[in-house]
Structure formats: structure tokens, C-alpha cells
Amino acid sequence: MVPELEKATVHMKNPEHVQRVISALRKEGTDKLQVISDFDMTLSRFGFNGRRCPTSHNILDNSRVVSEEGRKKLKDLLHHYYPIEIDPNQTMEEKRPLMVEWWTKAHDLLLEQKILRSDIAKIVRESEVMLRDGANTFFGQLHQHNIPLFIFSAGVGDVLEEVLRQAEVFHPNINVVSNYMDFDDQGVLRRFKGPLIHTYNKNNTVLEKTEHFQLLSIRTNIILLGDSLGDLSMADGVPNVENVLRVGFLNDKVDEQREKYWDAYDIVLEKDESLDVVNGILCYIFGALN
């Protein structure tokens, strides 16, 4: 059916269920399909050659436009809050206020740096961000078949879009909901537009106000891609959902988090830096057209 599901990185708690959903997605056709995806560490790489790759926030944090003192403070925040974000022993309810605290402090620090809109392209170009292997095929297939790709990100929308633009994959079928910067008349960052999106509030409370969900209510079959348990709620706002295939990238603290990911996602990809499995599934779905 999908040879890529035989990869050593692939884990499925219920392979029969996965086969059923993939068959239904193929049978029901492309008119009913949409892809809802996280961005950082899902479409972008977690690491390369033993080094961590930056998230869209890290791209800014590590850039030359942030002072040395600002960089140190942002790193301190990361070291304090990231272990909480991925701690399997804390509930989402416990984590939520702490994530709001982290994002708010980080955004306040970035505001102090007087970042210019005109700097963003250069900041991205100079960064070590990488999309996952197979990204061109992924974005290309979805564009070619007019499948909406909805990217729901707790990162920085302006940076994320620039990453896609520089990779030449920011096609018209892509819609992004994220934390966007607001610049003054001189092009200086003055605030972040609301509502604040963090790892654990990616749900319809944030999305009610976006036109995206009105447009996509007819797309009742969903492939959901994420790397956090918080990403599982990204499709909650879609009415009348028929089939959802949840694909999770387990990048970090694999042994500690494995059980929860296996319970929550239909397919778990452990330490897999590629989009091969997702591309294989899409290829099978689109194969019904050929």
C-alpha cells in the first residue's frame, strides 16, 4: 500500500486503523482533503549532523539584530521553559500558563531589539534553518493537486513565511496562522499581533476569527502533522470531520515521551528528519487519480 510505512523509524499502535484511514482518504478523493500542519520541527528539521536546527523564534533569537544581552536572556528563558514544554509528567493545563509566560517574555525581549522588517530576509538567509528532506516533493504535490495546506504555528509568522519563500515553496495553496509582527511606519517592530499562539492553545479558540475555517468546512478529510502533543488539537475547529490521519514526529526525549505519542498519534516517526512517509501516503492518495 505505502512502502514508506515499513521504515524503521515508523511506529503504529494500530496499523489496521491506519490502513483504513489511508484507504478512505484515497477513495474520497482530493476535493475533500486538506493538510493541517505545525511548522517548527515538523516541516523544518529538528537537527542536522548532531546539531539542533533553529525554530522560527530561534532564528531571531540567534541573529545579529539581537544584542548579546538579549540573546543571553532569550537563551535563559529557553533553558527554563523548554524542559517544562516537553515534560511528559506535567499536564497541558499545568503547562499552558507557563507557555504564555515564556512567549510573552520572549516577545517583550524581541520588542526591545528594534527589529526592522527589512532585516528579516537577511536574518533567515544567515540562519541554519532547514526544511525536512523531501520538503520540495511535499509542497509540490499539494500545490499540484490543489490541496489546501494550513500551517498552524506557535512560531513567528513573518520568519516562517520567509523560510518558505527562500526555499521557493510558498505556494498559493498555503495558509498560515501564527504570531505575526506588527511594524510601525518606519518598519520597526512595535508589537506582536494577537491572539498569542503557543504550543498548547492551537485550537478553535484561536481560529474562530480566521476566514480559513469558513473556507475549509467542506474539506472533511484531514492529514494532521505535528511534533508536540499540543498539535493534536489543530483540527478541532473543522466541522463535520470524517477522517483524520495524525502523523507525529517524535524528535526529542524519545524514550520518555514514546508511550504518550504512540497513544495519541496514528503514526509516530521517531528521529526521522524526512517527509518520506508523508510523501508516500500522499503519493498513494493521489495515485487514484493517475
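Placed above this text is the structure.
Predicted, not measured: the structure shown is a model, and the values here were computed from it.

## Re the side chain of Gln-141
Then comes step 1: Locating Gln-141 in the fold gives a position in helix α6 (residues 135-144).
Then comes step 2: Under the relative-accessibility criterion, Gln-141 is labelled buried at 12%.
Then comes step 3: Residues contacting Gln-141, with those up to four places away along its chain left out, are Asn-279, Leu-282, Cys-283 and Phe-286.

## Observations concerning the sheet that holds strand β11 (residues 267-270)
Then comes step 1: Ordered by their spatial adjacency, 7 strands build an open sheet running β1-β11-β10-β9-β2-β5-β6, and the pairing between neighbours is mixed. Every interior strand has two partners, whereas the edge strands, β1 (10-11) and β6 (174-179), have only one.
Then comes step 2: Pairing between β1 and β11: 2 bridges, direction antiparallel. Each residue of the ladder has a partner; that of Val-10, found in β11, is Leu-269.

## Notes on the pairing of strand β10 (residues 243-250)
Then comes step 1: The element β10 is largely enclosed, with a buried count of 7 among its 8 residues.
Then comes step 2: Relative to β11, β10 runs parallel, the two being bridged by 4 bridges. The residue bridging Leu-250 from the neighbouring strand is Glu-270, located in β11.
Then comes step 3: On the question of chirality, the crossover connecting β10 to the parallel β11 by way of helix α10 (residues 254-264) is right-handed.

## Points about the nonpolar core
Generally speaking, nonpolar side chains in soluble globular proteins are found buried as a group.
Then comes step 1: Phe-138, Phe-139, Ile-151, Ile-223, Leu-245, Ile-267 and Ile-281 are the most contacted members of the largest nonpolar core, which has 89 residues in total.
Then comes step 2: Setting aside residues no more than four positions away along its own chain, Ile-281 makes contact with Val-2, Ile-22, Ile-223, Leu-245 and Ile-267.

## Things to note about the side chain of Arg-132
Then comes step 1: For Arg-132, the location among the structural elements is in the loop between α5 (120-126) and α6.
Then comes step 2: On the accessibility criterion, Arg-132 (2% relative accessible area) is buried.
Then comes step 3: Engagement of the side chain of Arg-132 in a polar contact is seen with the backbone oxygen of Met-41, the distance being 2.6 Å.
Then comes step 4: Within polar-contact distance, the side chain of Arg-132 engages the backbone oxygen of Asp-272 at 2.5 Å.
Then comes step 5: For Arg-132, the contacting residues outside a window of four places in its chain are Met-41, Thr-42, Leu-43, Ser-44, Arg-45, Phe-249, Asn-251, Asp-272, Glu-273, Ser-274 and Leu-275.

## With respect to the pattern of salt bridges
Then comes step 1: Scanning the entire structure with this criterion turns up 24 salt bridges.
Then comes step 2: For the salt bridge of Arg-191 with Asp-182, the shortest nitrogen-to-oxygen distance reads 2.7 Å.
Then comes step 3: Accessibility expressed as a relative area gives 41% for Arg-191, which makes it partly exposed.
Then comes step 4: Between Arg-258 and Asp-255 there is a salt bridge; the shortest N-O distance is 3.1 Å. A residue pair is termed a helical-turn pair when its members lie 3 or 4 positions apart in one helix, as Arg-258 and Asp-255 do in helix α10 at 3 residues.
Then comes step 5: With a relative accessible area of 26%, Arg-258 lands in the partly exposed category.
Then comes step 6: One connected set of salt bridges, linked through shared partners, spans Arg-45, Arg-132, Asp-133 and Glu-273.

Scoring rules and cut-offs
Residues numbered from 1 in each chain as written. Predicted model: local features only at pLDDT ≥ 70, side-chain atom pairs only at ≥ 80, totals over all residues. Heavy atoms only, no water. Helix = DSSP H or I, 4+ residues; strand = E, 2+ residues; numbered from the N terminus. Buried < 20%, exposed > 50% of the residue type's maximum accessible area, 1.4 Å probe, protein only. Contact = heavy atoms within 4.5 Å. Pairing = 2+ DSSP bridges. Right-handed = clockwise from strand over helix to strand, strands pointing away. Core = buried A, V, L, I, M, F, W, Y, C linked by side-chain atoms within 4.5 Å. Polar contact = N/O pair within 3.5 Å; in protein donor to acceptor, adjacent residues only side chain to side chain. Salt bridge = Lys/Arg side-chain N within 4 Å of Asp/Glu carboxyl O.

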